[in-house]
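# Per-entry structural report
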Amino acid sequence: MLARRVLQFLIVFASGLIFLMILKYSLTLSDYVIPSPLDIWHTGKDILTVYFFDTLNTLSVAIIGQIISVFLAFSVGIGARKSTFAGSFIKAAAYNIQAYPIVAVAPIIFILLGDGFITRLIIAAMICYFPLLLSIIGIMSEPVTDIEHFYNVTSRMRWQLEVKIRAFENMHKLITVISGSTTLAMAGTIVAEFIAADRGIGHSIRIALYQSDLSRILTALFLIGIFISVYQGMLEWAGERIGNRWHVSN
Amino acid sequence: MILSLTNLTFQYPDTEIPVFRTLNFSLDSPGFHALFGASGVGKTSFARIVAGELTGFSGQLYIKDKSIVLYSYNQERLPGWGTIRHFIDSTTPSSMIEMKKQLIDIFGLSDCINLRFSQLSLGQKNRVNLIRYLLQEFDLLIMDESLANVDERLRETIILKIKESFPDRYFLYISHNLMEITKFSDTILIFRDIEKIPQTLTLKGLDIASREMPDRDRLETTVLEVMNAC
């Protein structure tokens, strides 16, 4: 699973590079616009270590942001699963906020909190929180009637049991949603770093952009892709292990 | 009398034809009673109305004060994260522990009690589901095809055990097995098409309580009565 994800990314990345090279040589673009493969290789080699730690820094913020989002989304999703006023209100609010580009709110956070870890974390968490929340509300508010019926009619249903039943029955969906939110968390962190931050791969991309250094940008993209693929692969592997442990059927 | 329905009329929203029109029925004595009829005539809707799971009907529904009515159906499942033993134990009142052991044995589930629900056959799943309902406190238990996919002989054993163990409770058994209904039921409420008047008929079954073969002529006569009534 992990290897397949990395391989898929390598294929996509290689295709992108080939496309750039076709563009470069067919339009006879200068090395300043699109560097030659050798330039990309040399630049990549030179900055790989620095960018590796920058990406690791970004990923660690994204992971923490994602964990916060998952916890928040579960808390709110569980609270909003009933068709009460509060539940309906939270659902409607989540749908509306989801439709709003969170990135546009990022400057306000920078103005209020300045650049740094907390700001990056909040933006990462915000960007992956709302899609997660909507999925989790959807899953938690859908009764599993065939299982819940007995507990309801015998007055044995407790909210913990209800949540456990719904989470168990939708385990694959939950794993897919959480794994998918990785990309959002990473994108959120990079956007935050790109707007204003003093570290992280987004910050490095911003510097490379000011220098119009496509080799550096491509190296950063390569590392981001590899890191996301590995992390998503690990999440899916962990999800599969949990599923097997719980005997979740496919 | 635990249950009485007078002039029950029910129609699902956004449909043009009612499921029942002025249906009358009462359940006077404890025992094993049945609902019989072709698919789609309203047996399950009737059962869910009696159990309080379906509203929007007109007419009068009387259920004796504080009576507990449970409705079980054959597609119910147990959660998948534990064994059958775990879920049955966790929902069995302490007063029913001895009964639990007996039912597990008689229902032929001793060998699969440590398996998970998804590992059982369809017949085993239905038996497990029925057991957990039988172990609850109830006055009337509606069993909607609760013994589907169970072989004939074991079905008889189970029905006889239910009749023997719970003589003071009411059961409403929904099944498409004509012979079984006829042999073991006390009262049989037959559901017919909405166009037929009356829509339901009540007949007496043989109410057999042991494995003894009933009188052949009586059995044939009752089976024919039920068939003709449909």
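Residues numbered from 1 in each chain as written. Chains lettered and ligands numbered in written order. Predicted model: local features only at pLDDT ≥ 70, side-chain atom pairs only at ≥ 80, totals over all residues. Heavy atoms only, no water.

### Section: the sheet that holds strand β8 (residues 187-191) of chain B
All names here are of chain B. Filter applied, for reference: Should DSSP find at least two bridges between two strands, the strands are regarded as paired. Every helix listed is a DSSP run of H or I at least four residues long, and every strand listed is a run of E at least two residues long, numbered separately from the N terminus. Axes here refer to lines fitted to C-alpha atoms; in helices the fit is confined to the stretch in contact. Angles between the N-to-C directions go from 0 to 180 degrees. When checking whether two residues touch, look at their non-hydrogen atoms; a contact exists if any pair is within 4.5 Å.
An order of β5-β6-β7-β3-β8-β9 is seen for the six strands of this open sheet, with the pairing classed as mixed. Here the strands that pair on one side only, and so sit at the sheet edges, are β5 (69-73) and β9 (200-204). Strand-to-strand, the axes of this sheet are offset by a mean angle of 20°, without reference to chain direction. The pairing of β5 with strand β6 (residues 140-144) spans five bridges and is classified as parallel. Pairing of Y73 across the sheet is with D144, part of β6. Running over the sheet, helix α5 (residues 152-165) touches β3 (31-37), β6 and β7 (170-174) and is turned about 160° from β7.

### Quick look at the environment of M157 of chain A
Residues and elements named next belong to chain A. The condition that has to hold: Three labels apply to residues, based on accessible area from a 1.4 Å probe with only protein chains included: buried if under 20% of the type maximum, exposed if over 50%, partly exposed otherwise in between.
Considering the arrangement of structural elements, one finds M157 in the loop between α6 (145-153) and α7 (159-169). On the basis of relative accessible area, M157 is assigned to the buried category, the value being 15%. Sequence separation of M157 and G225 is 68 residues, and the distance between their C-alpha atoms is 44 Å.

### What to know about the confidence of the model for chain A
Test applied: Every residue carries a pLDDT, the predictor's confidence in it, which falls somewhere between 0 and 100.
Averaged over every residue, the pLDDT of chain A is 88; residues scoring 70 or more account for 97%. Mean pLDDT across the secondary structure elements of chain A bottoms out at helix α3 (residues 85-98) of chain A, with 75, and peaks at α6 of chain A, with 95.

### Looking at the interface of chain B and chain A
Using the following cut-off: Two parts placed together each lose some accessible area; with a 1.4 Å probe, that loss summed over both constitutes the buried area. One side-chain nitrogen of Lys or Arg within 4 Å of one carboxyl oxygen of Asp or Glu is enough to make a salt bridge. Two N or O atoms count as a polar contact when they lie within 3.5 Å, although within protein this holds only if one can serve as hydrogen donor and the other as acceptor, and sequence-adjacent residues are included solely when both atoms are side-chain atoms.
Contact with chain B, which involves 19 residues of that partner, is made by 17 residues of chain A. Summed over both partners, the interface of chain B with chain A buries about 1,700 Å², with 57% contributed by carbon and sulfur atoms. Put simply, chain B and chain A have one salt bridge between them. For the salt bridge of E169 of chain A with R77 of chain B, the shortest nitrogen-to-oxygen distance reads 3.1 Å. For the pair chain B and chain A, the interface holds eight residue pairs in polar contact (both at pLDDT 80 or more).

### Observations regarding the packing of helix α2 (residues 37-79) of chain A against helix α9 (residues 201-210) of chain A
Residues and elements named next belong to chain A. To be explicit about the condition: With respect to orientation, any angle under 35 degrees is reported as roughly parallel, any angle over 145 as roughly antiparallel, any angle of 65 to 115 as roughly perpendicular, and every other angle as oblique.
Put simply, α2 and α9 touch, their axes get as near as 7 Å, and they point 130° apart. When the axis of α2 is compared with that of α9, the two are oblique. Facing α2, whose interface residues are Y51, D54, T55 and T58, α9 presents I201, G202, S204 and A208.

### Section: unusual backbone geometry
Generally, phi is negative for residues other than glycine and the peptide bonds are trans, each holding for most cases. The phi torsion at S212 of chain A lies on the positive side, around 50°, for a residue other than glycine. Mapped onto the fold, S212 of chain A is located in the loop between α9 and α10 (214-245). Looking at S212 of chain A, the relative accessible area reads 35%, which means it is partly exposed. Even without glycine at this site, T22 of chain B takes up a positive phi of about 45°. Topologically, T22 of chain B is positioned in strand β2 (residues 20-27).

### Let's talk about the pattern of salt bridges
In this structure the tally under the stated criterion is 15 salt bridges over all chains. Measuring nitrogen to oxygen at the nearest pair gives 3.9 Å for the salt bridge that ties D198 of chain A to R199 of chain A. Looking at D198 of chain A, the relative accessible area reads 48%, which means it is partly exposed. For E156 of chain B, the salt bridge identified is with K183 of chain B, shortest N-O distance 2.9 Å. Of the two residues, E156 of chain B sits in helix α5 while K183 of chain B sits in helix α6 (residues 178-184), which places them 27 residues apart along the sequence. Like E156 of chain B, the residue K183 of chain B is buried in the burial classification. Several salt bridges converge on common partners, so that one network encompasses E148, E162 and R166 of chain A.

### Examining the packing of aromatic side chains
The following threshold applies: Planes of paired rings set the category: under 30 degrees apart is stacked, over 60 is edge-to-face and the rest tilted, where pairs are Phe, Tyr or Trp rings (Trp by its six-membered ring) whose centres lie within 6.5 Å. For a ring to carry a charge above it, either NZ of a lysine or CZ of an arginine must fall within 6 Å of the ring centroid while also lying within 35 degrees of the normal to the ring plane.
A complete count under the given rule lists 21 aromatic pairs over all chains for this structure. When the centroid spacing of 4.8 Å and the interplanar angle of 80° are considered together, the rings of F10 of chain B and Y12 of chain B count as edge-to-face. You can call F10 of chain B buried: its relative accessible area is 3%. Y12 of chain B sits in the partly exposed class, given a relative accessible area of 31%. When the centroid spacing of 5.3 Å and the interplanar angle of 45° are considered together, the rings of F32 of chain B and Y173 of chain B count as tilted. Residue F32 of chain B is found in strand β3, and its partner Y173 of chain B is found in strand β7; the two are separated by 141 residues along the sequence. Taken together, F32, F138, F166, F171 and Y173 of chain B form an aromatic cluster joined through their ring pairs. Positioned above the aromatic ring of Y25 of chain A is the side chain of K24 of chain A, whose terminal nitrogen or guanidinium carbon lies 5.5 Å from the ring centre. Directly above the ring of F138 of chain B sits R169 of chain B, whose terminal nitrogen or CZ lies 4.6 Å from the centroid.

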